[in-house]
Structures are given as structure tokens and as C-alpha cells.
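One letter stands for each residue in the lines below.
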Amino acid sequence: MKPKFAMYWASGCGGCEISLLEIHDQILRFAEVFEIVFCPCLVDGKKEDLAKLGDGAIDLTFFNGAIRNQEDEDMARLLRTKSRILVAYGSCAMEGCVPGLSNLSTAADHFEAVYLKNHTTVNPEAVIPGSRSEVAEGILSLPVFAASVRSLDQVVAVDYLVPGCPPEGVQVEKVIETFVGGSPLPPSGSLLGAGERALCEECPRVRNVRRPTRFYRAHQQIPEEGVCLLEQGFICLGPATRSGCGARCPRNNMVCIGCYGPPPGVDDQGAQMIAALGSMLDPGKDCDGEVERTQRLDELFSGIVDPAGTFYTFSLAKSMLGGKVGR
Amino acid sequence: MNQRIGVYLCRCGANIGGVIDVSAVAEYVRSLDGVAIVRENGFMCSESGQELLVNDIKDHGLDRVVVAACSPHLHEETFRMAAVRAGLNPFLVVVCNVREQIAWIADSGQAASVRAQSQVAATVARVGYQREIVPERVPVNPATLVVGGGIAGIEAALRIASAGYGVYLVEQGPSLGGHMAQLDTTFPALECGACILTPRMSAVAHHPGITLLTMSEVEAVAGGIGNFTVRVRTNPRSVSPELCNGCGICEEKCPKRVVDTGHNAGLGNRKAIHFPFAQAVPFVPVLERSDCLYFSTGKCRLCEKFCPTGAIDLKEKEVFREIGVGQIIIATGYSLFNAARISQYGYGRFADVFSALEMERMLSSIGPTGGKVVRRDGITQPKRVAIIHCVGSRDRNYHEYCSKVCCMYSLKFARQIMEKTGAEVFNFYIDIRTPGKGCEEFYHQLQEKGGYFIRGRVAMVMEAAFTVTEEGHLIVQVEDTMIGRTRRIPVDMVILSPAMEPRGDAVQLATKFGLSCDVNGFLSEAHAKVSPVATMNPGVLIAGCCQGPKDIAETVAQAGAAAGQVLATIARGEVVIDPVRATIDADHCCGCRICNDLCPCQAITYDGERKISKIITLLCCGCGTCVAACPSGVIDMGQFTGDQVVAEIEGLLRTRSGDTTHGI
Amino acid sequence: MKYAYYPGCSSETLSSGYEVSLQAVSHLLGLELVTIPDWNCCGATEYMAVSRLASYAVAARNLALVPEDCHTVVASCSACFLNLKRVEVVMTDYPEVGEKVNEAMAAGGLSYGPGRLQIRHILDVFLRDIGLEHIQEQVTKPLSDLQVAPYYGCMLVRPTSCFGQPEYPVGMDTLLGALGAVPLDFSLRGYCCGGHLPQIKADTGFEIIHRILNNAEKEGANCIAVACPVCQLNLDLYQRDVNLRYGTNFEFPVLFFTQLMGLAFGLKEEELGLDLEAMTGGRLLGEARSQHDTSGYPGDGEALGGNREEIS
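Residues numbered from 1 in each chain as written. Chains lettered and ligands numbered in written order. Predicted model: local features only at pLDDT ≥ 70, side-chain atom pairs only at ≥ 80, totals over all residues. Heavy atoms only, no water.

### Description of the pairing of strand E3 (residues 72-75) of chain C
All names here are of chain C. Where burial is concerned, the two faces of E3 agree: the one with Thr72 and Val74 and the one with Val73 and Ala75 are both buried. Bridge analysis of strand E1 (residues 2-6) against E3 gives three bridges, and the strand direction is parallel. Paired with Tyr6 across the strands is Ala75, a residue of E3. (Buried < 20%, exposed > 50% of the residue type's maximum accessible area, 1.4 Å probe, protein only. Helix = DSSP H or I, 4+ residues; strand = E, 2+ residues; numbered from the N terminus. Pairing = 2+ DSSP bridges.)

The structure is reproduced here in C-alpha cells:
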């Protein structure tokens, strides 16, 4: 009998499902090895069918997407019960990712923005969806919208984590190999499909040990080819991000935005990067004395547009600071 | 973690016990995870307190110890050594400072007790993450650097060299001697200053173990005790000491005469090229380029033309040297308060107002007046002289501290002026402070000889006469607090006794050598009472007036003490490296190089082959800059590791119920 | 920056020249002075001795009337400056006194929150806020032939001074230098001018004035600059009496520093109230001027002061 595989898409964009196909022809081998018992994106299957399975009946589950509402949480618990191995697959499940940025606002704010203040929404009666609505035809229910977004491991116990938004094809292959290759499984709680250092180890750009004197956003300056983006003043999160993607963004003149999450040993990716910038930023020669230097650094940092989106695009929900990061 | 932590709460007599409810703290601490035993004790530092610790470690199998007592600067070593006697690694003992940081500063006993609970809980949480450390030992470079060629530096250098070890003596100016070389006589015995200083200067010059670098300044210091690397810049003297025979023709032929603001304190003149003073060591002229005609107009070169040995080198450039030494003694001395800052005393406004240093030069038999006491015109002997004490000292507008030596040197002036001129001398003082052997006696003698003493801070010195008798005099206006009246004393000459103050570059100097300055700007010693010459930077010692105002005898004593400490370390041969050093986790460093140029000690290098950064432990000063900067979190600080600090914070935020308020 | 301006009683009477010249040069320098509406006497020097609390309340009322958008009060008279500053400091340092003062002012529906206002002298504003550079830019007729004795008096610089040492202040010197004049090393610059002594104890008062004028003469002054109406009054008006009494021949023009600024800025004499002084500034300009009649002023020591006390 083939081992059973499931994949579920909670609050996320769907890119993780697609990433499974990025292993190209290996997907055929995958289909040969596993019996895909549940994966709304690939095979037909309902929640009821899943519920009928025995506990631990599924050998391996890739869970992607963050926990945004009650439905996500119910599915997470259900899949936890039914799966021997539960993998938080992709950045949303691992650390909240972009949905996690919504933790900067309350649920009520979200509803107001989406249903009441949105220029393209016609809602003269100011209806806000509730979990239970009585209509002529009967009672309709919707999943309860949670107060905050959580990562999978903030809801249920998780066996392995796979970072990336989405995980890179080559890494997905390696992850699958971990489970089908026959070698003993890594200890529970391990992070799979990524490197053991920060991204700079994979980055081909040269670091000249220059200190940036100001920050640039992508549209403000064309970066010098082959030279470290950070030292040119572009806020590249590479040194505070786990390697594994092959530094695809920096190779293409774009800063790393940190989708592989913090490197090992770092609890708070954003804070770590901010501390590094604070240390390495050069306030300029004309800044004499501690007070002037501090003022200049304050100026530079307060000039950063959208700090939460710059430093916490992926890790906010699971960061030490949580929702306490200012927008 | 399954640990057996022993917690010892010291009452320190009433110091801690009188403020903090130690029993309540003990009760609270008992509830903490891993705490096996909690004991209260009157004096943990006593022999019996230590014995308690040793026995408990052995009898109860303790593997971690927290001592809540005074500052770790005082007894950390005591408790760690006790642990060693019991077979426990010393770094598993942590001292929690509940005395200086809590008991002594708390507003109330209640607040102190609550805070002590949190602080001890924090230390208990941290101690669980302490690791066994066997500190590295490194051999000591027996060479020593002495910075400053005044009496303190000279004394320290001679002591160390006489024990057979090498000394580099770096002096900013062209000659050894410092301020002492400017003094005519020393108090209270009125002994000739030069006569006691110059033999020592000469001894330095001829000692084979001392490398004298005049015209030199320390540019940068790297490394730590045992192995410092010092970069020294030597400014051009423009005269080669090797070729110069000291004939003085250059000085004689030099057409540019300027005021000698250096050795003669502005009282006499000198040439652009000149001998620093008659007994200068080395006895080689110096060409002051800012005064020299050649350097301002491109013409002259008379000195070069007339020098019989070709010693003049107008193209000489600054030279840089790297020196390796094991220890450093800072003896950079003091500056004299600029009396012109107190404008109402008229220094710089009235010709006959003199500063103490001018007076020293005037009294010197080889000074600009040949030892004659005369008014600024150079001829007239004063009939009445005022000496104003505490100019810039004991004054909240300038320096609140007492400069310690001004009373005695003022009395010395009074005595010498009376003897040399027969003038009436008025001392205007706040208090006369004459401690020290023979000093009070000197004061009494002066009173008996007819010196006048008027107690009161002088309001101002003016030329505006109110009466006919005041005409043509300087008038010292003062409230005589002994008789409760304002007085106006007409005099011919006023001498101001300015404060000793830190050198203008004291802060930069401190930064360079990893030291700190006290509130007044003098260099800070490790402990005012029991460690007056050591600093918080092991291997760097201080001596003389860079540490605070003091007289020559005290300065020499400090220099001797510093030299003694240096020799003790050399004799030991090796030093234990403080484990508070940063380390890079080579397996996780990504080689981003952000830390590379941030290290103030230049301790970080880049391994191009492995593409990772590395820390040279010996050079690391443990400042933590790189730890904060590392975006990948791979740099850790010994004794301040991430898990230790986080545990400490969690312990601090723990409430009484045992929950953590922040689930970090 | 907007400054609340406290003119003080003298500005309307004896020292209207100060007021006129101050307004003229402030205008030129772009300094916006908003006169405190319905201001009253600061209490001068006497009231303090009569009733301390009442004198605080009198001074504080002026602070309470300062418009909300002003954070600095500027006074031109040294005594006014000191009184306003004193009540601000006292109310800040001694909240219990502050409460009483506010209680008194509550009768008039006013209150003052200590710490709200900075109290400054106009000379300080010229030096620090306007700056010597900007002042120098306005100079069209440098006062290069003037040897000025800068006279600060006592209240401007005590107990604390922002012009240097209380006994030897220097702030005005730098201003005079910027105007092209030569400020002299004048020892008695920080001495008391005698205040009201010429009216109360003439011998003492004239002795003090004599000392100051004598010192100015010894230093070679041909003009005295002042920053306070009382100083101006004493040094200027009583020169004749001093001359009579001491057989001296002083003829110093005693000008407010603002008048000297105006002269250097090229303003006309009448714009600066120069015709209002006893010893006029006219001599400075090399013109013969009709002497202002001083006969109506009190000043005869024999008539007013009976007590001839020697000052030590």
C-alpha cells in the first residue's frame, strides 16, 4: 500500500501548491510513490471524507497558508489528528507571511476597510458579514474571522517546517527526498529545504565593506552591478534571511525581502536587521558628536517608508514584537 | 533544565539587611525553578560565609550559585574562588548586585525588596545558562609603554627599566620634564625643582632599557593586557638628534623671535628654532614650523646654512611606528586653568596680573628675569603683591573640586616674594589647606614673617581708583569674611593661582586607551581607595595628575605603584584573558562582512577562503558592537550570550505567581 | 519667532528715547515685538521691600497677560527684566508661593503657569537670536570714532548673567564692536549706578556716579552705552551735579545701546529719540545742539539728601 499524502491550502495565495509542480518531472515519481488522499487543488475530496479517515491515517501532510479564520483552524486541527507527519509548508504556515501583516490592525478595522470604506464596494446598507446570517432561505454561516493571524505551529504541533514564499523547486525536491529517500527522518521540529546560514553565502554580489550613508528604495537608484546591495543603501534583508533560495532576487538586482525567514538562532528577523542597519549606517563625516550622530540616524530611519512591510513582510505574526511594530 | 542552584542572600550588616527584607526575598526565591537551597547570611564575604558556600556545593551537589550581595567588582572573585575550592567551575557563580544598585539607591525598603526579588529571580534564570569556561592564558609581553614624560612618566619608566625590562617612553613635547621642569622650587622645603628632576631626566636618556620617543603621540591602541599593539606618530623636530652636537648656532642665527608660551609660560622670548630649556633631554633644538620663516615665506634657511653637522632637516616628515607592549602606564598630567576665563580678575587685561606658572618662571634663577620679581615692565619691583587662591577651583562656575596644591604653592610664592623684594604680600583665600609633611609649619612660618591673609573670594581686580591712595594701583576688591566688610586693597601686582584641570584631550585619550573620565574629566581609576592606579581596562594604568590634582610626592608615589603593578604582571609571565569576548559561530556565519569594519579594536578579519568573518580573541575588547550588528545572529558574547540575556530578562519580568509576563 | 514685549513705565516717560530707538532698530532687524496688552508696572525696586507677595503678583500679572502664542517675554529695562524673571523663577522653584500668586491673580480672572515663558533682556535677544552677523549687515555708518564705555549696571547681570561674568560682563562689548565702535576695558561696567540714591542720599548717589564717570574718563571714553533707563538717568542727568560737586568736567553722552545701533544703521537722530537725552548724542555727530533743559528735574543733593554717609 502506498503511503498517503495530503496537502491543504489555508489562508494563502496558492503559490505553495504551484511550487509542488516546480519539481517538474519529479512530480510523476511523487504521484507514483504517494497516494494523494486529500488536496483540494489536485483531487476531489471533501472535508467529510477527511473526517472519516482514522487518526494518523495520512502519512504526510503539507499544510500551507496561515490561520486566519475558524475554518483554517478547524482544518489544521483535523489534519493534525489525521496525519502522522504534519509539515508547515511555506512562509504563511511557517511564520504568517503577508497575511500576518494584517495583525497591525484589528478585525473591525479590516471589515471597515473592506466592506464600508472601499470605493469599489457598493454597500448602502453597510452590511458586514457575520458568522451567522438569517436570510429568507434559512440560516447561512461563515467561518469566524479570528482576531489575529497565526502560524500553523501557533495552533497545532508541527513536525517540520519548510520556508519560502513559495519554497523553491530544488528545495521542494530535497524535502520530498527526505521523506521518500529511506534515510532516517531528521529530528522533529527541524526546518527542511533551506540552508544553515544567511543568504549572503549564496549571493554572488561582492561586499566591499563600505558603509551606506543613506537608504534608497528600488525606484530611486539603479544599483551598481555585482556589488552588495546593502552597502549601496538598498535595504536588502539577505544577511538576516535564511539561505536556500539561491539568492534569486539579489542576482536580479532586487533586494532580498526575507521570504525564507530568519536564519538559525534568530528570533526576530526584523529587529535583527534593524539593529544591524543601526550599527553599520554611516552618519557621515560632518556628524560630530553623539547627539548629532543620533539625530542623523533618527532622520535616516524615520525616512524609511513602511518599516513593517520592509522588515516584517514575512515574519510579523511570529516575531517577538508581534503586532507591536508600527506601520 | 534539571539544575541545583544555590542562592545566597547577603545582608552585609545593615547595608542590605537594613533596607531589603532579605527573608521575603529568600521566600520568593525558594519558589523558583531549579533552586535547591536558599540561605541568608550576615556577611557572605567573610571566611564563614565562603565556607558555607564551599560546604553547600560539596554537600548538596550544587551546580550553579547565585550570590546576591555587593557589586561584582568587589567580591565576584572571592565567591568564584570559593567555588573553585569546592570543585565548581568559577563561571557557574554569578553575583547579583543588590547593594549598590538597589539597597543604597532605593526610595523605600518596600520598593527595594520588590526590586531585589526581581533582580535575584533574573540572576537565577540567567545562571542556568552559564557555561563552564576555562579562560585562555596568554604570555605577557614584558615591554611597557609609558605615555607622558613628566615626573610621573619618568619615575615609572625608571622603576620598570631598573628591573631589567624594556620601556617605551612617549612624550608629546620636544623634551622630558613636563610641568615640573618649569617649577623653580618645590614646597615645603623650597628645594630646587630642577636639581631633583634633571638627574632623573638624564637617567632616562642614558638607560639602555628605555626607548625615548619625544615629539610623539599615541595614534591608536589595539589588543589587551599582555599584548597591546600601539601605533605611535613622531612629529618632525626638523633637527636630527643623531647629527646634532648641541652647539646652538642654529638658535643664535635664527632671525625669528617669538614669545615663549611653552617653557617660559609667555614671560620670555625664544627663537623659532630653540632648545626647549637649558637642561632639556634630549638636548637637541626643535624647529617650531608654525613660527619658522622658511615655512611661512619659503625663504631663510639660515639654521640649515650655519649648522656645522648638517643636522637640520627641513623636509623631515612624521614617522609612524608600531610598538608591541604588554602593559601601558598613562602619565599625561594636567593643564592649568586659563585664568583669563574669570575676566573680572583681569588676567590678560591688566599687565600686572600674572598666572602662577608665569610666577614660577619669574622666580627661576635661569628664567626670563633671572629670578628677579618685577612687574610686567621688567624693571619695577612690586611693593604690594596680592595672591588670589582658588582661581577656577572650588568654584561651581568652573571646577567644584579643590586643586590641592594651590594653597602651598601660593604660600611658597608669598615667602619667596617677601624674601626677594621685601614687599607686603596679601593672600586672598577661602580656606588654607596645608596637609602633608612640613606644610602646616610652612604656613605658620609665613604668618610669623608677616604675610597677610584675607579670607574671602575676591570679587574683582580693577584699575578704577576711588581714592587718591588707590591711584595708579590695581585694586583688589574683596569681602573680608573675618571682619564682615568689603575691602579694597591697592597692590602693584596680582598673582592668580589657577586650578589644575584635565588636559583638553583627556576624553579622546580615554577613548583611545579604553578608559573613562570622572565627572571632572580626569581619568578614572578602578577604585578610589584600593585600586588607585589601575583602570577598568586591565593592563592600562594611570599615574600622576591625569588622575586628579596632586603634588609631586604623591605623583611619584603613584608612578611607583603603577610600575610595581606592571612588574608584578611581568613576573607572573602570563595573564588570564577575560572571557567576555565575542565569538563567531563559524558554521552559521554567512560572510556578509557587516561586522568587519565596525570593530573598534580591529579584532575582526575576513577569511576569504571559507567566506566567513573571524574574531581574533586577543584583540577583542568585549564591547559587543559586532553582536548587536550581526544580522544573522551568529556572534555571541561570552558571559552575555543571547540565551543568558533573554533568560535574565524573563526572570526580571516574572511576576510573583511565577508566570512570565512576556513569553519570549 | 514672536516675542512678547514688556515696555515698562520708563519707556513712556524718562527713557522714551530707549523705546523709540528699540522699536526702530527692531523693525530694521525684522524682530517682531508684540506688546503685552494692558501691561502694568513691574513693581520696580521699592515694592519688593513693602510687600513681597504683592510685588510678585504685580509682576506676574504681566506674565499672565502674555498671548498664548508667545513663549518669550522681552524687557528693555534691567529692573523690569529682573522683576519678571524673579517672579518666574520663584513661582517655578517654590510652587507654594506660585499658588498664592495665582490665588491673588484669580481675583482678576488671571493665572500663570510657571515654566511657560522665558524671560529675556532685549540685549540678549539681539546677541543670541538676531546674531552679530545679521546686525553687522545693517551697519551703514560704522561708529569707528567712538570709544565706548559699555555700562551694564547691576540688575542686568545679577544674580546670573548670560553676558559673561556678573562682575565683568562682555556681551554688549561684542555688539558695540560689531557696530564699529571700540568697546573699552571699563572696570566698573557691572557696578551699581546708584539707583534712586541721588534722590534719597545724594552724597552717596553722586559719589557712585562720580566713580563710574571717572573710570570711563580714565579709560578714554567719549561715550557711555547703557541698557537700563535708571542707569541712563543717573549717568546722564546728574553729570552736571557731579561736575559741580567734584569740580570735574564730564561731558559724556550717555546713550542707550539701541540708539548706538540706530546711528550705526544710518537712522536719523529724531528716529532714535536722541534729542531726549540730557547730555545729547549730538556732540558725537559733531554738531552743536541746543541743550535739553534739565532745570525741572530734582537733583540737588543739598535739597534732597540730608544723610551724608561715607561708603567704604
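### Some points on the state of the cysteines
Here is the idea: a disulfide is a covalent bond, and it sits between the sulfur atoms of two cysteines. All names here are of chain B. Throughout the structure, instances matching the rule amount to one disulfide over all chains. In this model Cys192 forms its disulfide with Cys195; the gap between the sulfur atoms is 2.4 Å. Judged by the torsion about the S-S bond (85°), the Cys192/Cys195 disulfide is right-handed. In this model Cys402 remains outside any disulfide bridge; the closest cysteine sulfur is found in Cys407, 6.4 Å from its own. On the basis of relative accessibility, which here comes to 30%, the residue Cys402 falls in the partly exposed class. (Disulfide = S-S within 2.5 Å.)

### Observations regarding the domain arrangement of chain B
Residue and element names in this part refer to chain B. If you check the domain split of chain B, you get domain 1 (5-133), domain 2 (144-231 + 324-333 + 502-572), domain 3 (249-317) and domain 4 (336-499). Computed over C-alpha atoms, the centres of domain 2 and domain 4 are 31 Å apart. Facing 17 residues of domain 2, the contacting portion of domain 4 comprises 20 residues. Summed over both sides, the interface between domain 2 and domain 4 buries roughly 1,500 Å², with carbon and sulfur atoms accounting for 64% of that surface. Counting every contact that joins domain 2 to domain 4 gives one salt bridge. Among the ionic pairs, Glu554 bridges to Lys404, the shortest N-O distance being 3.0 Å. Our enumeration of links across domain 2 and domain 4 arrives at six residue pairs in polar contact (both at pLDDT 80 or more). For the side of domain 2 that touches domain 4, the class distribution of residues is eight nonpolar, five polar and four charged. (Domains from an automatic or database assignment. Contact = heavy atoms within 4.5 Å. Buried area = accessible area lost by both parts, 1.4 Å probe. Salt bridge = Lys/Arg side-chain N within 4 Å of Asp/Glu carboxyl O. Polar contact = N/O pair within 3.5 Å; in protein donor to acceptor, adjacent residues only side chain to side chain. Nonpolar A, V, L, I, M, F, W, Y, C, P; charged D, E, K, R; others polar.)

### Details of the sheet that holds strand E5 (residues 83-89) of chain A
All names here are of chain A. Across the sheet, five strands lie side by side as E2-E1-E3-E5-E9; this open sheet has parallel pairing. Across the chains shown, the open sheet's two edge strands, defined by having one partner strand only, are strand E2 (35-38) and strand E9 (160-162). Direction aside, neighbouring strands of the sheet carry axes that sit 30° apart on average. Bridging between strand E1 (residues 4-9) and strand E3 (residues 58-64) involves five bridges; their strand directions are parallel. Its bridge partner lying in E3, Phe5 is registered against Leu60. Set on the sheet, helix H4 (residues 70-82) makes contact with E1, E2, E3 and E5; between it and E5 the angle comes to about 140°. (Axes fitted to C-alpha atoms, helices over the stretch in contact; angles between N-to-C directions.)

### A closer look at the domain arrangement of chain C
Residue and element names in this part refer to chain C. Under the domain assignment used here, chain C contains domain 1 (2-122) and domain 2 (132-304). The straight-line distance from the C-alpha centre of domain 1 to that of domain 2 is 24 Å. Of the residues lining the interface, 23 residues belong to domain 1; the matching set on domain 2 comes to 26 residues. When domain 1 packs against domain 2, close to 2,100 Å² is buried across both sides, 75% of that on carbon and sulfur atoms. Three residues stand out in domain 1 for area buried against domain 2, namely Leu14, Tyr18 and Leu29, and they jointly supply 26% of the buried area on that side. The interface formed by domain 1 and domain 2 holds zero salt bridges in total. Our count for the contact surface shared by domain 1 and domain 2 stands at six residue pairs in polar contact (both at pLDDT 80 or more). Elements with a contribution of two residues or more to the side of domain 1 that touches domain 2: helix H1 (16-29) and helix H4 (78-93). Broken down by element, the residue count for the side of domain 1 that touches domain 2 peaks at ten residues, all from H1.

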